[in-house]
Structures are given as structure tokens and as C-alpha cells.
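Chain by chain, the residues run as shown.
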Amino acid sequence: MPGKQQIPGLNLAALEIVRKLGEEQFSDGDRNLGFDLLDFWRWCSSDLANNAMRGVIAECLVAQALGTAHSTRTEWDAYDVKSKQGVKVEVKSAAYLQSWHQDKYSDIGFSVAPKQAWDYKTNTWSKERKRQADVYVFALLKHIDKPTLNPMNVEQWSFYVLPTVTLNEHLPAQERIGLTRLRSLGPREAQYGELASVIEGMFPQQDSGEGP
């Protein structure tokens, strides 16, 4: 097993992730195995309603709305999306409906816990626990009819946009927040097409560098 010691001449820097097309082939050495990356995506990612995949879709929707989905997602990054103006966005999702059998609708709650930031390029953690983003987008898949549930239809979503300073003022150490409490903090409720103007309008002086 590899140890933690430094090995001279060995490059273990963070990978530069390149967007894939889906046609890349799985192989056995130089021999193609007859299935490609799109087959893999179909196999592992077709359930769009499960908690993990729904969260990724919510992040993608926000990135698309902000016009910054041209790169790739970084797992466990300090925040989820960054706008063209430099606004750092944390995206949290919840839904009434799940993939599995339900006896009732799911209760709506979102994680808002302050956390240490992890740096992908250095594999190091910040010393301070805090909310790392400038703003939170709480993405609620609000649709309640299971046979017609479609997370790819943005009409089935509502987005609640709340500056992090508001969370810090009212709930400095709280780890979760329910929908009723969230609404009491006065977030801007937005539809997909309004997200960019709402988020950027909260930070009119923001530039592409450091946050406020």
C-alpha cells in the first residue's frame, strides 16, 4: 500500500478534469469492450429522484441559470457554484417525493451547517468552520404527483435565495432548517429563469475575484 512519504519525481497533483462527451470507450488495454461512458451514465444516473442525484441536478440547474455550467463539478468543494460576477453559491435540495415507496410525503429540510472548507488542489482543510458561500439557494422539488414527477422540468422546482449573512445572523450554529423557518427569514423565491438576476442582484458590487 502506498504510504504518505514523498516519492521523488512522482506527480500526485490534483487531476485536471476535462468534460467528457459520453462516447469514450471502456477498454481492456487496447481492446474496446463494446460499451462507452454514456452506457455508464445511463446505468448509474437514470434515477433522477434519489437524494444524491437530485442534489446534483439542483446544482446543475443553478450553474446553468448563472451561465457557468461549462466546466465540471468538483465533489466536496467549499461551495457549489460561482457566478460570473464571483458570487459563491451553496445549493441545497429537498423534495416531497422520493424514488422509493412512500406512505407520506417527505418532510422538507435543508442542511445549513457551518463547515470547514476543503481545497481540491491541495487536499487540505481550512481551520475555521463557517458557511463558505455568499448566498444559499434552497432548491425545492415541489411536485407532489408521483407518476408525473420529472426533475428535468424546471416548472416542478422552486428556488429560495437567501444571503449567508442572514443565516449567520439568525441561525449562527444551526445545522438544519425546515421550510417554514426558512420562509420566515424572508428569502427571495424565484423560478429558474429568475435565478441569475436574483442572485446577482443581491451582490451588485461583486466582481470575479474575492467575495464580500
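Presented here is an overview of the structure given in this document. Everything numeric in this text was worked out from a predicted model, so none of it was measured.

Notes on the environment of glutamine 102
In this structure, glutamine 102 sits in the loop between β4 (88-95) and β5 (109-111). It is 16 Å that separates the C-alpha atoms of glutamine 102 and lysine 142, two residues lying 40 residues apart in sequence. If we ignore the near neighbours within four places in the chain, the residues touching glutamine 102 are Tyr96, Leu97 and Lys146. Here the side chain of glutamine 102 touches tyrosine 96 through a polar contact of 3.0 Å, landing on its backbone oxygen. In this structure the side chain of glutamine 102 is engaged in a polar contact, spanning 3.2 Å, whose partner is the backbone oxygen of lysine 104.

Digging into the nonpolar core
Note that soluble globular proteins tend to have their nonpolar side chains buried in a common cluster. Counting 28 residues, the largest nonpolar core has Val62, Val89, Val137, Trp157, Leu195 and Ile199 as its most contacted members. Considering every element that reaches this core, the biggest residue donor is helix α2 (residues 51-66), with 8 residues. If near-sequence neighbours (up to four positions away) are discounted, tryptophan 157 is found in contact with Arg54, Ile57, Ala58, Leu61, Ser93, Ala139, Leu140, Leu141, Lys142, Pro151 and Gln191. Phe110, Val112, Tyr136 and Leu179 belong to the second largest nonpolar core, which has 15 residues in total.

Considering the pattern of salt bridges
Following the criterion strictly, the structure yields 5 salt bridges and no others. With a shortest N-O distance of 2.6 Å, arginine 73 and glutamate 75 are connected by a salt bridge.

Rules and cut-offs
Residues numbered from 1 in each chain as written. Predicted model: local features only at pLDDT ≥ 70, side-chain atom pairs only at ≥ 80, totals over all residues. Heavy atoms only, no water. Helix = DSSP H or I, 4+ residues; strand = E, 2+ residues; numbered from the N terminus. Contact = heavy atoms within 4.5 Å. Polar contact = N/O pair within 3.5 Å; in protein donor to acceptor, adjacent residues only side chain to side chain. Core = buried A, V, L, I, M, F, W, Y, C linked by side-chain atoms within 4.5 Å. Buried < 20%, exposed > 50% of the residue type's maximum accessible area, 1.4 Å probe, protein only. Salt bridge = Lys/Arg side-chain N within 4 Å of Asp/Glu carboxyl O.

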